[in-house]
Amino acid sequence: MIPRLPFSLLLMVGLAAIFVPLPVPSTVPQERTFRIEARQFAFSPSELKVNVGDTITLKLVSMDVVHGLYVDGYGISVQADPGQTQTLTFTARKPGSFRLRCSATCGAMHPFMIGKLTVGENHWLLRSLVLAGLAVLGVLGQPILKA
Amino acid sequence: MTKIELTRHPLLKSFLKSRYPQLAVFVLVLAGFVFAIVAGLIGTPVGSRNFSIVFVWIAWWAILILVAVPFFGRGWCAVCPIPLPGEWLQRGAVLDPPGKKPGWLNRRWPRIFRNIWLQNIAFLFLALFSSVLLTTPSLTGIVLAIMLLAATALSTVFERRAFCRYLCPVGGFIGIYAKIAPLELRIKDKDICARCKDKPCYHGSPAGYGCPWDVFPGGMTTNTYCGLCLECLRTCPYDNIAVNLRPFCRDLVKPSNRLDEAFKAFIMLGSALVYAGVLLGPWGMLKDAAYHVGTLAWFTYAAGFLAFIFIILPGLFFLCLMRAQNSLSMKQRFTSLSRALIPLGLMFWVAFSLSFVLTNASYTLATLSDPLGLGWNLFGTAGIPWQPVGTSILAPAQTLALVVGLIGSARTAQKAAYEAGVSTFPVIIYCLGLTVIMLWLLI
Amino acid sequence: MKRPEVFSRILVLAGLVLAAGVPLAFWAQTPMIHARMSEQGGWTPNVLRVEAGQPLHMSMTSDDVVHGFAVGLMEIEPVDIEPGKVTNITLTFARPGIYTFYCTRWCGRNHWRMRGTIEVSGPDSGTDSSVIPLYVTLGIDIDEPHVAPVVPGRLPSAVNGRELVLEMDLTQINDPEFYRQNSPYQAFEALNSVSLSDPEKWDVVSALWLSNTSPNALDRGKSLYARNCAACHGENGTGDGVFADDLATGANLAMQTMDGTAGMPLQRPANFTDPNQMLGASPAVLQGKLLRGGMGTGMPMWGSIFTEQQLWDLTAYLYSFQFDYDNKGD
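Residues numbered from 1 in each chain as written. Chains lettered and ligands numbered in written order. Predicted model: local features only at pLDDT ≥ 70, side-chain atom pairs only at ≥ 80, totals over all residues. Heavy atoms only, no water.

Engineer: Looking at this structure, how should I read the overall build of chain B?
Structural biologist: Each helix and strand counted, chain B has 21 helices and three strands in total. Over its C-alpha trace chain B gives a radius of gyration of 22 Å, about what one expects of a compact globule, namely 22 Å for 443 residues. Overall size of chain B, expressed as C-alpha extent along the three principal axes, is 65 × 60 × 40 Å. Expressed as a percentage of the 443 residues in chain B, the buried residues total 62%. Long-range pairs, those at least 24 residues apart, make up 81% of the contacts in chain B between residues at least 6 apart in sequence. As presented, chain B carries roughly 17,200 Å² of accessible surface, and 72% of it is formed by carbon and sulfur atoms. When the 37 positive and 17 negative side-chain charges of chain B are each reduced to one mean point, those points stand 4 Å apart. (Helix = DSSP H or I, 4+ residues; strand = E, 2+ residues; numbered from the N terminus. Rg over C-alpha atoms; globule rule 2.2 N^0.38 Å. Buried < 20%, exposed > 50% of the residue type's maximum accessible area, 1.4 Å probe, protein only. Contact = heavy atoms within 4.5 Å. Areas by Shrake-Rupley, 256 points an atom, 1.4 Å probe, with all protein chains shown as cover. Lys, Arg positive; Asp, Glu negative; His and termini not counted. Charge placed at Lys NZ, Arg CZ, Asp CG, Glu CD.)

Engineer: What exactly am I supposed to notice about the overall build of chain A here?
Structural biologist: Secondary structure summary: chain A contains two helices and nine strands in total. Sequence-ordered secondary structure for chain A, helices as α and strands as β, is α-β-β-β-β-β-β-β-β-β-α. Computed over C-alpha atoms, the radius of gyration of chain A comes to 21 Å, more than 25% over the 15 Å expected from 2.2 N^0.38 for 147 residues, which places it beyond the range of a compact globule. Along the three orthogonal principal directions, the C-alpha set of chain A runs to about 65 × 40 × 20 Å.

Engineer: Whenever I open this one, unusual backbone geometry confuses me. Can you help?
Structural biologist: Negative phi is the rule for most residues except glycine; trans is the rule for most peptide bonds. A cis geometry characterises the amide bond from Q40(A) onward to F41(A), with omega recorded as 5°. Mapping F41(A) onto the fold places it in the loop between β1 (31-39) and β2 (42-44). In the Ramachandran plot, D214(B) falls in the positive-phi region, its phi being about 60° despite a non-glycine side chain. Note that D214(B) resides in the loop between α12 (200-203) and α13 (231-235). One non-glycine residue, C249(B), lies in the positive phi region at around 60°. Its place among the elements puts C249(B) in the loop between β3 (241-245) and α14 (259-278). A relative accessible area of 18% places C249(B) in the buried class.

Engineer: Can you walk me through the interface of chain B and chain A in this structure?
Structural biologist: Often, the extent of an interface is quoted as the loss of accessible area upon association of its parts. Taken together, the contact between chain B and chain A spans 43 residues of the former and 41 residues of the latter. In this assembly, chain B packs against chain A so that about 3,600 Å² is buried in total across both faces, 71% of it on carbon and sulfur atoms. On the chain B side of the contact with chain A, P282(B), R411(B) and I443(B) bury the most area, a combined 17% of that side's loss. In this assembly, chain B and chain A are joined by zero salt bridges. At the junction of chain B with chain A, the criterion picks out ten residue pairs in polar contact (both at pLDDT 80 or more). (Buried area = accessible area lost by both parts, 1.4 Å probe. Salt bridge = Lys/Arg side-chain N within 4 Å of Asp/Glu carboxyl O. Polar contact = N/O pair within 3.5 Å; in protein donor to acceptor, adjacent residues only side chain to side chain.)

Engineer: Teacher, can you tell me more about the interface of chain A and chain C here?
Structural biologist: The interface of chain A with chain C comprises 16 residues on the first partner and 17 residues on the second. With both sides pooled, the region where chain A packs onto chain C buries about 1,200 Å², and carbon together with sulfur makes up 54% of that total. Of all residues in chain A, G83(A), Q84(A) and T105(A) give up the largest surface area on contact with chain C, accounting jointly for 32% of the area buried on that side. On the surface where chain A and chain C come into contact, there are one salt bridge.

Engineer: Hey, could you run me through the sheet that holds strand β5 (residues 67-71) of chain A in this one?
Structural biologist: Residues and elements named next belong to chain A. Pairing is mixed across the open sheet formed by five strands, whose spatial order is β3-β9-β8-β5-β6. Among the strands making up the open sheet, the edge pair consists of β3 (47-50) and β6 (76-80). Adjacent strand axes in the sheet meet at a mean angle of 20°, parallel and antiparallel pairs treated alike. (Pairing = 2+ DSSP bridges. Axes fitted to C-alpha atoms, helices over the stretch in contact; angles between N-to-C directions.)

Engineer: Would you explain the sheet that holds β3(B) in this entry?
Structural biologist: In a beta sheet, neighbouring strands are held together by backbone hydrogen bonds and run either parallel or antiparallel to one another. Residue and element names in this part refer to chain B. Read across the sheet, three strands follow the order β1-β3-β2 without closing on themselves; strand pairing throughout is antiparallel. Two strands close off the open sheet at either side, each with one partner strand: β1 (4-5) and β2 (183-187). Both β1 and β3 contribute to a ladder of two bridges, which runs antiparallel. Its bridge partner lying in β3, I4 is registered against L245.

Engineer: What am I meant to see in helix α19 (residues 362-369) of chain B here?
Structural biologist: Because an α-helix packs 3.6 residues into every turn, residues spaced three or four apart end up facing the same way. Residues and elements named next belong to chain B. Summarising burial for α19: six of the eight residues are buried, a large majority. Of the residues making up α19, those classed as buried are S362, Y363, T364, A366, T367 and S369. Considering only its buried residues, α19 is in contact with α3 (51-72) and α18 (341-360).

Engineer: Looking at this structure, how should I read the pairing of β3(B)?
Structural biologist: Side-chain positions along a regular strand alternate between the two faces of the sheet. Residues and elements named next belong to chain B. β3 sits mainly inside the fold: four of its five residues count as buried. Pairing analysis gives five bridges linking β2 to β3, with the strands arranged antiparallel. Among the inter-strand pairings, R186 is bridged to a residue of β3, identified as A242.

Engineer: Mind showing me how you'd approach the packing of aromatic side chains here?
Structural biologist: Aromatic ring pairs are reported here in terms of the distance separating the ring centres and the angle at which the planes meet. Residue and element names in this part refer to chain B. Per the stated rule, a full pass over the model turns up 53 aromatic pairs over all chains. Measuring from ring centre to ring centre gives 4.5 Å for F51 and F55, while their planes differ by 15°; the resulting arrangement is stacked. Residue F51 and its partner F55 are both found in helix α3; the two are separated by four residues, about one turn of the helix. Given the relative accessible area of 13%, F51 is considered buried. Take F55: its relative accessible area is 22%, and that puts it in the partly exposed class. (Phe/Tyr/Trp six-rings, centres within 6.5 Å; stacked < 30°, edge-to-face > 60°.)

Engineer: I would appreciate a short explanation of the state of the cysteines in the present structure.
Structural biologist: As used in these notes, a disulfide is a covalent bond between sulfur atoms, one from each of two cysteines. Within the structure shown, the criterion is met by zero disulfides over all chains. C201(B) provides the cysteine sulfur closest to C196(B), a residue in no disulfide bond, and the two sulfurs are 6.5 Å apart. (Disulfide = S-S within 2.5 Å.)

Engineer: Help me out: how do you make sense of the pattern of salt bridges in this one?
Structural biologist: Oppositely charged side chains may form a pair once their charged atoms are brought near each other. All names here are of chain B. Evaluated as defined, the whole model comprises 39 salt bridges over all chains. R108 is the salt-bridge partner of E159, the closest N and O atoms lying 2.6 Å from each other. Of this pair, E159 sits in the loop between α8 (137-157) and α9 (162-166) while R108 sits in the loop between α5 (84-91) and α6 (117-128), and the two are 51 residues apart along the sequence. A residue is classified by how much of its surface remains accessible, and R108, at 45% relative accessible area, is partly exposed. A cluster of three or more residues bridged by salt bridges with shared partners is formed by K3, E184, R186, R246, D251 and K254.

Engineer: So what exactly am I meant to see when it comes to the nonpolar core here?
Structural biologist: Considering soluble globular proteins, one finds that nonpolar side chains tend to be buried as a cluster. Among the nonpolar cores identified, the biggest contains 206 residues, and L58(A), L64(B), F173(B), W349(B), W43(C), F69(C) and I118(C) are the most heavily contacted of them. Per-element tally for this core: the top contributor is α18(B), with 14 residues. For I118(C), the contacting residues outside a window of four places in its chain are L48(C), V50(C), L56(C), V71(C), F93(C), G97(C), I98(C), Y99(C) and F101(C). Judged by nonpolar contacts, the second largest core, of 49 residues, contains L208(C), Y225(C), L318(C) and Y319(C). (Core = buried A, V, L, I, M, F, W, Y, C linked by side-chain atoms within 4.5 Å.)

Engineer: Quick question: what am I supposed to make of the environment of A217(C) here?
Structural biologist: Positionally, A217(C) belongs in helix α7 (residues 215-228). Measuring from C-alpha to C-alpha, the distance between A217(C) and T315(C) comes to 10.0 Å, with 98 residues separating the pair along the chain.

Engineer: Looking at this structure, I do not really get the side chain of S128(A). What am I missing?
Structural biologist: Assignment of secondary structure puts S128(A) in helix α2 (residues 123-140). Taking relative accessible area as the criterion, S128(A) reaches 0% and is therefore assigned buried. Excluding anything up to four places from it in sequence, S128(A) contacts T399(B), L439(B) and I443(B).

Engineer: I'm lost on empty space enclosed by the protein in this one. Help?
Structural biologist: The probe, sized like a water molecule, is rolled over the atoms to show the empty space still left. Residues and elements named next belong to chain B. Summed over the entire model, instances satisfying the criterion amount to ten cavities of 30 Å³ or more. In this model, the largest cavity occupies a volume close to 130 Å³. Along its surface, the largest cavity is lined by 13 residues, and R19, Q22, F26, R91 and V94 are the ones closest to its centre. Of all the elements in the fold, those that place two or more residues in the lining of the largest cavity are α2 (19-42), α5 and α13. Per-element tally for the lining of the largest cavity: the top contributor is α2, with four residues. Grouping the constituent residues of the lining of the largest cavity by class yields six nonpolar, one polar and six charged. (1 Å grid on protein atoms, 1.4 Å probe; cavity = no way out; pocket = protein on both sides within 12 Å on 5 of 7 lines; lining within 4 Å. Points joined across faces, edges and corners; volume = space filled by probe spheres on them. Nonpolar A, V, L, I, M, F, W, Y, C, P; charged D, E, K, R; others polar.)

Next comes the structure, spelled out in C-alpha cells:
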C-alpha cells in the first residue's frame, strides 16, 4: 500500500529536514523579565516561553538554600542566596529549547533540578519529528527482510 | 558479507585464549569496584563529588550503554568483577585450569527460576528507588556490596555463575540488548559438535572450565546468555569456537516465545520514558514523588510506574496484535512481536543517557583527583568546575539515536509481523508514537 | 600450586587490600569538620578547642548545600564551604575566651542556628571585656510594644531636614546620647516648641538620624542586612522575605517563660517599612533586639556575631526604610 520510496528521495528529504533553515517569525524584540523561584529541587515557573530576539532578564530568587541558574546553549549562570536576588540578562538569539539547570550543589537531587526555556519554536523537535515520520514511511515501503 | 571471523587472526585468538590479559583486567576492575564501594560508604555524601556515584552512574553507565552494549553486546560481562570472588572460590583457583574439584555444593539452579523474571524484578526494585540510589553514595556502595556478596554466596551453593545468569539486574537488560550487537561468539561447524562426545565446552576439561553461564555453545543461536568469558575458546578440543563480527540486529531475526524476555523489553522501554520525564523534565512534583521514598506521593509514583510498564505499554501493544491472518496464539504473537521493541528500547536508553552524561561528564575529572571528597588533588583536576559539554550536539545526537532505533524496530517488526501473520502497521505506529513522546520529553 | 597461580593470588589480594585499605587509612587520619544544614545536625564537631596563641587548623567540608564559615566578633573574611569540597583555614586567637563560629551562606530556614564554639584556653587576662548592652543600662524592656502615635504622611527627607537644621538651635537633641536613647517619634515630640510644620519636623528628625551615621556605615549596614536579614525580612524590608511564610505558619512555641505561661511564638518577621512600629523604636531598642534576639520568635540573637560597630551600623541602616537619606524619593 505504501509505495517503495527510493532511498535517494528519502535521503534528500531527510537532509532537507535537518538542514533547511526554518522561518523565524519576525516579532518585535521585547524585554521580558521572569522572577524564578528556586527551591529544592525545582524552579518555579519551570517552563518559560519567549520570542527570538527578546532580551530576557531572569531574576533568581532562592527560597531555601543557595541555588544557581545555568542556561544550556548560552553557558551563562548566576548563583543566589535566599534574601539576595541575582539577575541574569541575555538576548535570546537562537530559536529552540534550552534547559535551565541549577549550578550550585543544593542537595541530593541537584543534578535533576531542571527547567525549560523555549525561544520561538522548538525547531529541532520539529525536525526530529519529521525525520521519525520519514523513517517510518521509508520502512513501510521496503520489502520484508528475509533472514 | 554476513560474518567476519575475528578469531581467524592467530594473534587475537591467542590473546583471547590466554588467561593473563583477562586476569590483569579482572584485578584492575575488581580493585576499582571495591574502591567504589569504600568510597561510597566512607566518602563525602555529596554525590557529584564522590567516586562511587560519578564513576558508577556516569562514567561506567556511559561506557556501558553508549559503547559496550550496542557494539559488544555482553562485553561488560566479560570483564565484570562481581562474579569473580565466588568463581575463584568455586574453582579453588584464580588462574589455574581445573585440577582437584573443590568441595562446594554446586547445586543446579532451581527449575522454577530458570528464566529472567528474577532479573526483571531486581531491575525494577532498583528502578523504583533510582532517584535515591543515583544520588546517595552510601546507598550505591551498599548495593554494589550486596551484589558482590550475593554473587559470592550463591557461588558457594549453586553451580556456575548463578547470580550473573539469573539474578543480576544489569545482566537482564544487556542480555536482550546483546541481540543487536555486531559481535558474537558461535561455533563454526555444528557437525563437529554433533560428533563430539564429551562436550568439554559445557562440562569442562583439564584445559578450562565448563561454561559458567550454563550455556551449551554448540546449541547457542543468540547472544542473550553468553557472557563472553571465553572459557569455551579454551576448552574446545576441535577449535570450533569463533568470535565473529556480524551485522547489527542479527539475533532479532530469530523469533522467541519467551514471556520473560518480552516483558523485559517493556520494562526497559517504559523505564526510559519515565526517567526522561521525571529526571530530565521540568516537573518538580514528579521528582519529589520519585525521591521521597515511603511517602504517599512515592507510592503513587511507584504504582503509576508499574502500571505503565506492566499494563499500559503491553496492553496497548496487545491491541496492536489483535487482527491476525493465521492461528498463532496471542502469546506467540505477543512474544514474537515484542522483540521488535528491543532496538527502540536500547536507543531510548542511549538518548536518555546522552543527556545526563554530557551534562555531568565534567564531574569525572574532579572525582578522579578527589574520589572521597577529602581535599585530595591527585591529578590536579579537583578544582575543575561543573560544565556541561556537547550541548549543541546533544539534540541531534538524541534524534539520530531515536530515529536509528525506530528504523531498527520497524524493520524487525515487519519481519516478525509477517511471520506471525499480523499487520505490521499498528506495531510500527506504536513504535512511532512512543518515539514521538520520547523526542518531546528529551528535546 | 604453580607459581603463576601463587602470583595471581597475591596480585588479587594486593589489589583488594589497596583498594579498600588506602582510602580507609587516609579517611581515618583526616579530621574533618562537617557542615550540614541545621536540621541535619549543623556543625560536626561544633566545639573546637585550642590554646591562645596556637594555630587552629580546620579542614571543613559540606555534606549537603553551600555553607560558609566565619568567626563572630572577629574581623576575618568569611570563606565558602562547598558540598564535597574541602576548605582549609588556620586561625590563631590571641586572647582566651569562647568564640562563636557560624555559617555565612543561607542554608535553609534555620541557617542562623548553625553555630559552634571555639574554646580558647589560656591564662586569664583578668579584665572582662564584655560590654553591657545599652538597653540594659537604660533599663528598657525591649519586648514592650513601641508604637508611634503620630507618623509622617510622606517619607521624611533628610536633605530637606538638613537645611532646616542649619537654621535651628538643637543642642538638646543633636547629640549621640539623645539619638541612641530616643525613638524618632520622641525626637519629633521634642521639637514641639519649634515653629515648623509636622512634615518639616519629621524632615528634621530624619536629618538628625542621618547625622548620627555615615555613608560608609550605611553601606556596611546595607551589606549586613542583605546577607543576614533579607531572607526573612525581605529585600525591601517589608517583612516578606522568602522564609516569612514559614515563620508565620510555624506558630509552635519555641520557648516558654520561666513560669510556664505562654512564651513568644514564632511570628512573621517585622516590617521595617511600617512607620507605626519603626518610628516608635529607639536605636537602643533595635540594637537590643538584634543583640539579644527574639527569644523564640525566630529572630536570631546576634550578640556573639556582630561587633558593636556592626550592630549600630545595621541599626542605622534599618531607619533608612523610614527616611529618605539620598533624595531618591520612595
